[in-house]
Amino acid sequence: DHDHDRDRDLTANEAVAVLGDVARLDCMVTMVDVVSFAKNLYSVETLVDRYGRGEVEEEDDRTLATLLIDQIEFANVVVLNKVSSLRDGEGDSEGQQMSLDAVRGIVRRLNPDARILESDYSAIDPNDVLNTHLFSFEKAMTAPGWLKELRGEHVPETEEYGISSFVWRSRKPLHPDRTYKLFDEGSAELRKAGLVRAKGIAWFANAHDESVYVQAAGELWGIEPSVPWEATLPPEERFGGEDGDEDGDEGGRAGTAEDWVEPYGDRRQEVVMIGQFTDSSRDTIRRLFEEAVLTDAEFEAGPEAWAEQFGDPFHFTQMFAALEEELAKAEQEATKGEEGEGDEGEAEEEGKEGEQ
């Protein structure tokens, strides 16, 4: 029994709230077409390109490759479909193909905890996906393979499929212009070196106080604002304070006490690279990123000089300004909600007194 206005369409959030009253989210399942996996993984199409504006939410500017990887990383069960076609050597219409072992390895590396099923014509045992009790939102938010790699939780069985990973680290900030060029002109060279997925936390010289998430899906790179570095906070508030959360990336913080190195605190590069690598190709990827950080002379100039000298090709100024505006609006709405609840409580008390 719900008192909802049936004369209007529910928003997505309202619909989830209503569904949550009567159902339990049991399992997230992602189905992967193994024949077209490589084609989609390296596609530069956006969702709007593929499906049309009418089928995609207005603010969703993701690419097909990003959506594919996001869904694999979030799933409890991944179904590899059309496996017989790939075993028989059938590629997609453009001849882009990846071996079944390679697909298995990439999926396992992206999501080490997922159950992986194989099928033809999407035929699977319903018991594998119904009433599994596999879904946990808290676990889902901390389970992606790139986070496990940062924590040193390797998935060695994927290496037999030729899929491996490593973490690129540096204590120098990225030069914005050289990094922009790397993500644009250098993306094909990174793919040639075997890179399939990259994700992690980055320090840019022209965004000295804010950490930035960088990620790659196929050849396409993206960035998004993250939280301030712990080094920008008062000492008593760093790493969650006395009673706070010290889980680093898992807890919505940029770093932990173990990440602290003077003089710039927890500012750092820490990006997980996943793909089909050789020793030589790993060296190539490391070299390309090391060429994108500041030179010794640039680094010694310091943050004030960086702010004056470097451009803003990633539009960090607008990006972080928009984020601050969103946070301010959310805080205002939360305050209004609390005030509204207080008014309702006072009215209820007054009503009780009137009855007496």
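Before reading on, note that the structure itself is shown above.
Residues numbered from 1 in each chain as written. Predicted model: local features only at pLDDT ≥ 70, side-chain atom pairs only at ≥ 80, totals over all residues. Heavy atoms only, no water.

We now examine the environment of leucine 80. Topologically, leucine 80 is positioned in strand β2 (residues 77-81). If near-sequence neighbours (up to four positions away) are discounted, leucine 80 is found in contact with Val32, Val34, Val103, Arg104, Val107, Ile116, Leu117, Glu118 and Ser119. (Helix = DSSP H or I, 4+ residues; strand = E, 2+ residues; numbered from the N terminus. Contact = heavy atoms within 4.5 Å.)

Attention now goes to the packing of aromatic side chains. As enumerated under the stated definition, the model contains 18 aromatic pairs in all. Considering the side-chain rings of tryptophan 203 and tryptophan 306, the 6.2 Å spacing of their centres and the 65° angle between planes classify their relative orientation as edge-to-face. Placement of the pair is tryptophan 203 in the loop between β5 (195-202) and β6 (210-217) and tryptophan 306 in helix α13 (residues 303-309), with a sequence separation of 103 residues. Both rings, one in phenylalanine 316 and one in phenylalanine 320, keep their centres 6.1 Å apart while their planes meet at 40°; by these two values the pair is tilted. Of the two residues, phenylalanine 316 and phenylalanine 320 both sit in helix α14 (residues 316-355), four residues apart, roughly one turn of that helix. Look at phenylalanine 316 and you get buried, because its relative accessible area is 3%. Ring pairing ties together the aromatic residues Trp168, Tyr180, Phe183, Phe204, Trp221, Phe289, Phe314, Phe316 and Phe320, which thus form one cluster. Between arginine 191 and the ring centre of tyrosine 42, over which it is positioned, the NZ or CZ distance is 3.7 Å. (Phe/Tyr/Trp six-rings, centres within 6.5 Å; stacked < 30°, edge-to-face > 60°. Buried < 20%, exposed > 50% of the residue type's maximum accessible area, 1.4 Å probe, protein only. Lys NZ or Arg CZ within 6 Å of the ring centre and 35° of its normal.)

Attention shifts here to the pairing of β2. A large share of β2 lies buried, amounting to five of its five residues. What you see with β2 is no split at all: Val77, Val79 and Asn81 on one side and Val78 and Leu80 on the other are buried throughout. As paired elements, β2 and strand β3 (residues 115-119) share five bridges and run parallel to each other. Bridge pairing in β3 links asparagine 81 to serine 119. (Pairing = 2+ DSSP bridges.)

Taken in spatial order, the three strands of this open sheet run β1-β2-β3, and their pairing is parallel. One side of each edge strand has no neighbouring strand; the edge strands of this open sheet are β1 (29-33) and β3. Pairwise comparison of adjacent strand axes, ignoring direction, gives a mean angle of 20° for this sheet. Note: β1 against β2, five bridges, orientation parallel. Among the inter-strand pairings, valine 29 is bridged to a residue of β2, identified as valine 77. Packed on one face of the sheet, helix α6 (residues 100-110) meets β2 and β3 and runs near 155° to β3. (Axes fitted to C-alpha atoms, helices over the stretch in contact; angles between N-to-C directions.)

Remember, this is a structural readout, not a statement about activity or role.
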